[in-house]
Structures are given as C-alpha cells and as structure tokens.
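What the coordinates show
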Amino acid sequence: MKKKKYILILLTVILIISIYTFTREYELKNTMSYDDLSRIVERDIVVFDDKDELPSEMLEKLAQYKVVMTGETHYIKEYYDFLSHLAIELHKKQGFKTLLLETPQAYSWIFEDYVNGLLPEFSDDEKYKYVMTLINLNKIRDYNLNLADGDRIDIHTIDINHRKQMFINSLTLMGNYLDSDLLEGLISASLESNGDEYLAHLKEYQQELNNPKHRQSLTNKWYNRLRELIDVEIISYQCRKLIADGQVEQRYYEREEHIKKVVDQHLKNVEGKVLLNMGAYHIQKQRIMGSHLVWTGEYLSKISEYAKNDTYCLVIGFARGTNRKGSFDLKDIKMKNNLYKVIVEESNDQAGFLSYDDPVFTNQDIAYFSSKRFDPISPKAVWDGVLMLPHSTFDQRYQGSYIMTYRTRMQRSIFIIIFLIILNIDALLTALRRNNIEKSSGFYDLLVLGIIVFNRSEAAFWVSISMVFIPYIYRYFKASYSYRILNVTNANFAEIQSIIKKYVVQDHNIELAYNKNSIRLKGSRPHKRELKPMLQAINHYLRTNGKTSIESMLWAAAFFLISVLVFVLG
C-alpha cells in the first residue's frame with residue numbers, strides 16, 4: 001500500500017508542476033521582450049475609435065499599393081460585413097475598382113451580375129447555395145446601383161469548384177437567362193455522368209464550343225462565361241480526383257497554380273487597383289504555415305510581372321470568439337511577449353491595425369501565434385501588417401465545408417486521444433502492479449502503430465508497418481512467444497519458478513532470464529493457451545508480493561506528462 005501511495009504522490013506532484021508551468025505567464029526567450037514589443041505596438045497601432053468608420057491612416061497606407069491582399073479565417077460572420085465595408089471604402093476613396101474573392105469560379109458570373117442589379121435579390125437559402133454569404137454582397141449591390149456602370153466595383157471569383165454540384169448549380173441558374181441547346185445538353189450530361197465519363201463529357205463540350213454556330217447564337221459575354229465555366233470545371237475535377245486518389249499535397253499545388261494564373265490574368269486586364277481576399281495561408285509572402293509551396297502572396301509579391309513589389313499583405317485576426325475549432329481568447333495566451341496578445345491588449349477591445357513598418361519587424365524574431373504553434377518569426381517577411389478585429393463567430397452552416405480538407409486531421413485528433421488513453425491506462429496499471437505481464441511488443445508496437453496513424457508519408461507508412469510486422473513474422477517462424485514479467489525482485493524469482501513448474505510440464509522448454517526488476521519468459525508457440533493460466537497466476541502473485549520498478553514509474557510519469565502537454569498545448 002505504501003508503494004501505491006508514493007506513486008500517487010509522484011503523479012500528483014507532476015500534475016501540479018505541469019499545471020503551474022502551463023498557466024503562469026512567461027516570455028519566450030531569444031525574441032523581442034514584452035516591454036520593447038508593447039512600446040512599439042502602442043506607438044504604431046491604429047485603433048478604430050468608430051467601428052463604422054475605417055481609419056484614414058489604414059486606408060491611406062493600403063492605397064500606396066496596386067494589390068492589397070487580405071488574409072481571413074474562413075466562415076467568420078463578423079468578417080462578411082467588414083470585407084464589403086473595406087471594399088467600398090477603398091473603392092470610394094482610393095481607386096480600388098476590382099475585388100477578387102477566394103470563392104468557387106462557378107459562381108463568378110452570379111456575383112458579377114448580382115452586384116450590378118442584373119439578378120433579383122436572393123433569399124438567404126439561395127445566397128448560401130451560391131456561397132454568397134461570405135461577403136455582404138447586398139451592401140456592395142446597394143453601393144454600385146448609385147454609380148454609373150463604368151464606376152462600379154467589379155467582383156470576380158478565382159477558386160476552383162470544390163464540388164461538382166457547384167458547377168451544376170451555376171449551369172442551372174444560367175439556364176434561366178440563356179436559351180441554348182448546348183447548355184441544356186451540358187446540364188444533362190453533367191447530371192447523368194461521373195468519374196472519367198464526366199470528364200470526357202466536359203472535354204467534348206469544350207471542343208463543341210469551337211463550333212462557329214455557338215459563337216453566333218451566343219453573345220460574347222455568355223460565350224466567354226460558358227467557356228470559362230467548362231475550362232475551370234475540368235481543372236476542378238482533376239483537383240478533386242487528386243484528393244480521392246490520396247494525393248492531397250499535389251492537389252494543393254495544382255489549385256494554387258490555377259489561382260495564381262487567374263489572378264495574373266485579372267491584373268493584366270483590369271484598370272485601377274485590386275483588393276484580393278483569400279485565406280491567411282494563401283497570402284503568405286514566405287511560407288510558415290500549410291503545405292510547402294509558393295503561395296499566392298509570395299508569387300504576387302516577388303514574382304508576378306503585374307504585381308511584383310507593389311503588394312500589401314494584410315492578415316486579419318480576431319481577439320476572441322469562436323472558429324471551427326471552438327472558443328478562444330488571445331488574452332489567455334500565457335506568453336507575454338506574443339505579438340498578437342500585445343496587439344489585443346493595446347487595442348482595448350476595439351479593432352486595431354498595425355503595419356509592420358518599424359525595422360524590428362524585419363530584423364528581429366518576434367513571438368507570433370499561429371493556430372498550430374508558437375513561432376518566432378520576422379513578421380514583415382510573412383505579412384506586411386495585421387488587422388485584429390474584436391470578435392469572431394463561426395458560421396456553423398459551413399462546418400461541412402471542412403470535411404474534405406480536415407477529415408484526416410479530425411481522425412488523427414481522435415486517434416491521438418484514444419492512443420494516449422491506452423498508453424496512460426496501461427502504464428498506470430503497471431505502476432500500480434495491477435498488470436505485471438507485458439508482451440514482447442508492448443509500448444514499442446503501440447508507438448510504431450501511432451507513427452502509422454499520424455504520418456501521411458507513404459515511405460514512413462511502409463517503414464513503420466514493416467517495423468511492426470517483421471518481428472511478428474520472425475517470432476512465427478521461430479515458433480515461440482516472449483513475455484516480460486515486470487516489477488520483480490530477486491526475492492520473487494524462486495516463487496515465480498514454482499508457479500511455472502505448477503502449470504507447465506518439462507517438455508515445454510520455458511526459458512527465464514532475469515534482468516533489472518524484470519524476467520524475460522520465452523515459451524513455445526503451440527502451447528500459448530496453456531501458458532495463459534500460468535501468466536495469470538504470476539500476475540496475481542506480483543500484485544501483492546512484487547515491487548514497483550523505477551522503470552514502471554518513469555513510464556507512467558512520462559505518458560502522463562505527455563498527455564498534459566498535448567491537451568494544454570492543443
């Protein structure tokens with residue numbers, strides 16, 4: 001009983017130390033101190049005194065560039081109004097005539113016509129169907145209708161179609177305004193086919209559009225729209241197929257390459273300045289998050305002949321609220337010198353804009369918070385500034401939109417929890433001497449299987465699976481089973497030998513090897529069932545007569561501490 005008491009005391013002490021460590025405020029070393037960082041932020045931050053009026057300092061800063069990229073967290077309700085407000089103010093005062101949105105291309109013509117009053121006002125369900133709720137289009141529509149045609153905000157969408165239904169929705173609505181046998185045939189073929197047959201139909205209609213009769217029967221506007229719809233859906237289908245084939249990273253690459261080409265095409269043809277709204281990952285000037293590729297922000301800032309050295313990347317954050325992962329509050333971050341936390345504190349529950357103009361944001365590492373980790377970075381290398389809005393509310397209607405991209409991550413999270421629970425229970429039972437028999441695989445196989453579950457690399461998968469099964473194959477041909485008896489002392493050895501003699505006859509060739517509070521027991525594979533009652537008897541004996549080894553206590557403490565770290569750090 002005393003041993004159990006000491007173990008419980010040890011685990012309690014570890015828990016207390018862990019809680020204290022991860023609840024106290026601290027400064028990340030080798031980065032700018034809290035005092036220096038807060039002094040610069042307090043001096044340079046532009047706080048929104050009136051939430052309905054965007055500060056002239058921010059608008060004038062953005063107006064210095066041809067392309068302003070805003071990086072959002074998707075599906076946040078408060079952002080919908082802000083984006084339309086920003087687009088109107090930049091158009092009204094600073095000459096930003098074009099708004100590009102990371103929204104499926106299939107709905108581009110719908111957005112264009114809607115904000116110009118060429119389509120009737122949609123119901124909320126229709127707006128959701130056409131992904132129009134990601135910006136307050138009615139606000140831009142009302143603004144546009146008070147202006148002459150050539151002076152209005154032009155809206156275009158630039159993303160691939162993430163689902164086939166998006167393409168069909170667009171064609172069906174187009175059918176209400178365009179009388180065309182070609183369109184009717186395309187809708188019918190799209191509804192009735194899937195897979196390679198669907199792709200073949202798309203390419204067939206792509207070729208059919210070259211027929212002069214279609215150019216004559218359609219206006220240039222509708223002809224170009226229909227061609228673009230088909231062209232992008234072919235690319236979209238190929239990207240969707242990459243996901244189905246498990247080539248997720250290649251899909252990210254193909255999608256981003258498509259977006260960059262589309263944006264370049266718009267920049268080549270449009271007059272005036274451009275506001276480009278995408279996810280925060282896309283507008284990175286130097287990749288620190290997401291897949292290892294050249295994101296749109298880096299391409300436009302450093303490579304594009306139409307935007308190079310004439311861009312401003314503005315990442316949008318939120319002080320508190322909800323996102324797809326649940327509730328959060330950046331003030332709860334325990335790292336005092338975290339840039340986002342300092343901005344939130346200096347904003348005092350209002351929106352705050354900070355441009356990374358001070359040289360320290362280029363030359364020094366600063367603690368930055370991302371959704372996955374704390375990163376010391378040079379902020380200016382990644383974005384040009386940050387706008388922190390006070391509150392976010394995740395739009396639950398779009399939860400399903402994350403299924404395709406985040407299903408694997410959610411599955412991993414579940415597996416991690418189950419995996420840690422198993423390891424903790426097993427280690428604790430061993431430390432309490434409730435379980436004193438370990439198969440030769442033990443923690444090792446569990447850890448390797450964990451690598452298989454959590455690592456998406458194909459090479460790592462096959463290496464890991466081999467590490468698990470080769471020993472099993474070896475043991476099969478060697479025709480033996482191996483067990484490790486834990487929490488044993490020299491005083492127990494003779495009694496364990498007596499138990500073995502009681503249950504096992506001599507021709508079973510039982511081998512014993514004692515080493516550091518444990519016994520390695522090897523027995524013949526054909527007699528495994530006969531060994532089971534013997535092992536149960538040994539285990540029962542050691543529950544009252546054994547001695548918890550230091551190794552068992554360390555395993556229990558280690559897995560417990562790992563669990564605390566995982567759950568605290570998220």
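Residues numbered from 1 in each chain as written. Predicted model: local features only at pLDDT ≥ 70, side-chain atom pairs only at ≥ 80, totals over all residues. Heavy atoms only, no water.

Considering the pairing of strand β11 (residues 385–392)
Burial of β11 is extensive: six of the eight residues sit out of reach of the surface. As paired elements, strand β6 (residues 311–323) and β11 share seven bridges and run parallel to each other. Paired with Gly321 across the strands is Ser392, a residue of β11. As defined by bridge partners, strand β8 (residues 352–355) adjoins β11 across four bridges and the pair is classed as antiparallel. Bridging from a neighbouring strand, Phe353 pairs with Leu387 of β11. (Buried < 20%, exposed > 50% of the residue type's maximum accessible area, 1.4 Å probe, protein only. Helix = DSSP H or I, 4+ residues; strand = E, 2+ residues; numbered from the N terminus. Pairing = 2+ DSSP bridges.)

Quick notes on the packing of aromatic side chains
Tallied over the entire structure, the rule returns nine aromatic pairs. Measuring from centroid to centroid gives 5.6 Å for Tyr107 and Tyr130, while their planes differ by 70°, and the two rings are edge-to-face. Of this pair, Tyr107 sits in the loop between β3 (96–104) and α5 (108–115) while Tyr130 sits in the loop between α6 (124–129) and α7 (137–144), and the two are 23 residues apart along the sequence. Of the residues examined, Tyr107 reaches a relative accessible area of 1% and is grouped as buried. When the centroid spacing of 5.4 Å and the interplanar angle of 65° are considered together, the rings of Trp109 and Trp222 count as edge-to-face. In this pair, Trp109 sits in helix α5 while Trp222 sits in helix α12 (residues 220–244), placing the two residues 113 residues apart along the sequence. (Phe/Tyr/Trp six-rings, centres within 6.5 Å; stacked < 30°, edge-to-face > 60°.)

Here we look at unusual backbone geometry
In this structure, Val131 is a non-glycine residue whose phi angle is positive, near 55°. Here Val131 shows up in the loop between α6 and α7. Judged by relative accessible area, which is 10%, Val131 ranks as buried. For Asn348, which is not glycine, the phi dihedral falls at a positive 55°. Topologically, Asn348 is positioned in the loop between α15 (339–347) and β8.

Side note on the pairing of strand β4 (residues 154–159)
The buried count for β4 comes to five of six residues, which makes it a mostly enclosed element. Relative to β4, β3 runs parallel, the two sharing five bridges. Of the residues in β4, the one forming a bridge with Thr98 is Asp154.

Some remarks on the environment of Leu90
Structurally, Leu90 is set in helix α4 (residues 77–94). Linking Leu90 and Leu54, residues 36 residues apart in sequence, is a C-alpha distance of 9.8 Å. Those residues in contact with Leu90 that sit more than four places away from it in its chain are Leu59, Leu62, Gly95, Phe96 and Leu275. (Contact = heavy atoms within 4.5 Å.)

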